[in-house]
Amino acid sequence: MLSALLSVLLSLPYQDGEQRFVIDLPNGWSASAADPGGVTFTRNRDGVLAICSVRVTRLGQTSLDGYVKALVSSTQGQPGYRLVAQGNDKLAGATAFRRRFVANIDPAGKLQKMADERVTASNGVAYLVHVETVSQAFESFVPEFSQLVNSFDFPRPQQQDQGIGLPNYVLVGSWASQTDAASRVTFYADGRVFFGAFSGAYRIDGNQLVVQLTNREPQVFYWELVSGNLTLVSPQLAVPLRYRRVLIN
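First, a word on scope: everything that follows refers to the structure included in this document. These figures come from a predicted structure and were not determined experimentally.

1. Structural notes on the pattern of salt bridges
Next, step 1: Tallying each qualifying case throughout the model produces 13 salt bridges.
Next, step 2: With a shortest N-O distance of 2.4 Å, Glu117 and Arg99 are connected by a salt bridge. Remark: Arg99 occurs in strand β7 (residues 94-104) and Glu117 occurs in strand β8 (residues 112-122); sequence separation between them is 18 residues. No difference in accessibility class separates Glu117 from Arg99, as the two residues are buried.
Next, step 3: Each member of the salt-bridge network shares a partner with another, and the members are Asp89, Arg98, Arg100, Asp116 and Arg118.

What follows is the structure, given as structure tokens:
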């Protein structure tokens, strides 16, 4: 339980470079590969590799059912494939298809992997979150897999239209002060914020950023994001706070 709690507390928000999704990376996880179809995240713990793959696919004329059928068909032929469970679930608050299966890693079947994946669609785009590791270690990674899956989110069409929810995706991530690199602010997609050593919550209201740190009065900043540089202005501050985005590799 303690390790699971630490994993959540030490997680870092990751924003896809094309702003297609956000996800919290538990301690020890990093982006290992990115391509036009998505991003793969990995963690090596005591020689055991765990993988989380996020795929973003435009459906075109294909329905979500058609996408799921093709997805299932592409893996059913793997040596040692065995379906453990499948059915309806949730991903980013939306109804999703979920499947868990095992398959051989080596040709002889002495080593198997277990995979769990969820897929949903919004506005003609399919979102797939797939996690896997060796079968024997799967349960030990469940707290981290759950953190990855539960934190995953993507912009909704209404957020883009209203121009209210979308800034959360713009600010999600870690930002370092341009005058003191050790001073950072980190925004999470679920509304949490770490302002230096202090934690709390935040919300976007047009060009205003409202920060409510624990046991402190709410503070209102006027925010501006230009060319990857974030500026926060407050009547309570003598000079603006200026930050640059910290990339997670």
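2. So, helix α3 (residues 138-151)
Next, step 1: A rise of 1.5 Å per residue sets the reference length of α3, with its 14 residues, at 20 Å; its end C-alpha atoms lie 19 Å apart and thus fit the reference within 8%.
Next, step 2: Of all the bends in α3, the greatest measures close to 40° and is centred on Glu144.
Next, step 3: Among all positions of α3, only Phe138, Phe141, Glu144, Phe145, Gln147, Leu148, Val149 and Ser151 are buried.

3. Comments concerning unusual backbone geometry
Next, step 1: We note that Gln19 has phi near 60°; this positive angle belongs to a residue other than glycine.
Next, step 2: Checked against the element boundaries, Gln19 lands in the loop between β1 (12-15) and β2 (22-25).
Next, step 3: One non-glycine residue, Asp46, lies in the positive phi region at around 55°.
Next, step 4: Looking at the element boundaries, Asp46 is found in the loop between β4 (38-45) and β5 (48-58).

About the cut-offs
Residues numbered from 1 in each chain as written. Predicted model: local features only at pLDDT ≥ 70, side-chain atom pairs only at ≥ 80, totals over all residues. Heavy atoms only, no water. Salt bridge = Lys/Arg side-chain N within 4 Å of Asp/Glu carboxyl O. Helix = DSSP H or I, 4+ residues; strand = E, 2+ residues; numbered from the N terminus. Buried < 20%, exposed > 50% of the residue type's maximum accessible area, 1.4 Å probe, protein only. Expected span 1.5 Å × (residues − 1). Bend = angle between axes of the 7 residues up to and from the residue.

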